[in-house]
Amino acid sequence: MGLHGSVTVFPREGWHWKTPWRPLVKLYYLPASCSLSPHIVINELGLDVELIKVDHTSHKTETGLDFYDINPHGYVPLLELDDGNLLREGPAIVQYLADLKPEAGLAPAAGTMARYKLQEMLGFLSTEIHKGFIPLLYARLAGNYVETARPKLEKRYQWIDAHLADRPFLMGESFSVADAYLFALTGWGQAAWLKSYYKAGIHFDELDHLRVWYIRMRQRAAVRKSIVEEGLAFD
């Protein structure tokens, strides 16, 4: 199951035009999970990447492999490169992808203050938002801790809402990989204007700037394409 677009990942050394073409990169994903973030980035860039779905109960890939043999951590996303290198963390994966096609502007140039600001935002999303959802997603196991975790996550989303008050995207005037990450995570919560896939016990109905941003994101062709390719309902 490939994504066919303008290819920025170039053929390996020794490749000949008569050799059957296959993508040089594989993305292991679970529908509606945080791996939706690099999936969106892939479609924004028009990269040719093989998508491999992982079953969350059996931990088997759709090709029949034990996912633990590929990633001992057992979670997605995982990006497998043709040279055998593996990237196992979402923030690293989306920056790698963005750097394959820097002219698209999904991440500032490495070494610039703007890049450090992006990394700061990705770190915030990973540690404060992504991890903040975990007790809500496993509420039965988390028990009373949910009542401690929820207000903290609500406060973090209130900060995001205020941050979006004077800008269309997280990092300013243009879409970046950080927006893809936030979109994937926000789809776990609930609001009247949001398509929730996990229905975690947090509601965003009163966050108007987040609502405007979310609707803007849903209108992006790459977002819509990624949702469809993961077999998810859009409305």
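A quick note: this is a predicted structure, and the numbers were derived from the prediction, not measured.

(A) Representation of the environment of Phe 204 within the structure. Relative to the elements of secondary structure, Phe 204 occurs in the loop between α7 (177-186) and α8 (208-218). Taking C-alpha positions, Phe 204 is 7.3 Å from Gly 189, a pair spaced 15 residues apart along the chain. Apart from residues no more than four positions distant in its own chain, Phe 204 is found in contact with Phe 133, Tyr 157, Thr 186, Gly 189, Gln 190, Ala 191, Trp 193, Leu 194 and Leu 210.

(B) Structural view of empty space enclosed by the protein. Under the criterion given, the structure shown has 1 cavity of 30 Å³ or more. The computed volume of the largest cavity comes to approximately 60 Å³. Lining the largest cavity we find Ala 32, Leu 36, Phe 183, Ala 184, Gly 187, Trp 188, Lys 195, Tyr 197, Tyr 214, Arg 218 and Ile 227. When residues of the lining of the largest cavity are traced back to their parent elements, those giving at least two are α7 and α8. Grouping the constituent residues of the lining of the largest cavity by class yields 8 nonpolar, 1 polar and 2 charged.

(C) Region of the structure containing the sheet that holds strand β3 (residues 78-81). Pairing is mixed in the open sheet, where 4 strands are placed in the order β2-β1-β3-β4. Both outer strands of the open sheet, β2 (50-53) and β4 (86-87), are each paired with one neighbouring strand and no more. Bridge count between strand β1 (residues 25-29) and β2: 4 bridges; the pairing is parallel. Its bridge partner lying in β2, Lys 26 is registered against Glu 50.

(D) Quick look at the side chain of His 163. Here His 163 is to be found in helix α6 (residues 146-163). The class for His 163 is buried, based on a relative accessible area of 16%. Look past the residues within four positions of His 163 in its chain and what remains in contact with it is Met 121 and Leu 170.

Criteria and cut-off values
- Residues numbered from 1 in each chain as written.
- Predicted model: local features only at pLDDT ≥ 70, side-chain atom pairs only at ≥ 80, totals over all residues.
- Heavy atoms only, no water.
- Helix = DSSP H or I, 4+ residues; strand = E, 2+ residues; numbered from the N terminus.
- Contact = heavy atoms within 4.5 Å.
- 1 Å grid on protein atoms, 1.4 Å probe; cavity = no way out; pocket = protein on both sides within 12 Å on 5 of 7 lines; lining within 4 Å.
- Points joined across faces, edges and corners; volume = space filled by probe spheres on them.
- Nonpolar A, V, L, I, M, F, W, Y, C, P; charged D, E, K, R; others polar.
- Pairing = 2+ DSSP bridges.
- Buried < 20%, exposed > 50% of the residue type's maximum accessible area, 1.4 Å probe, protein only.

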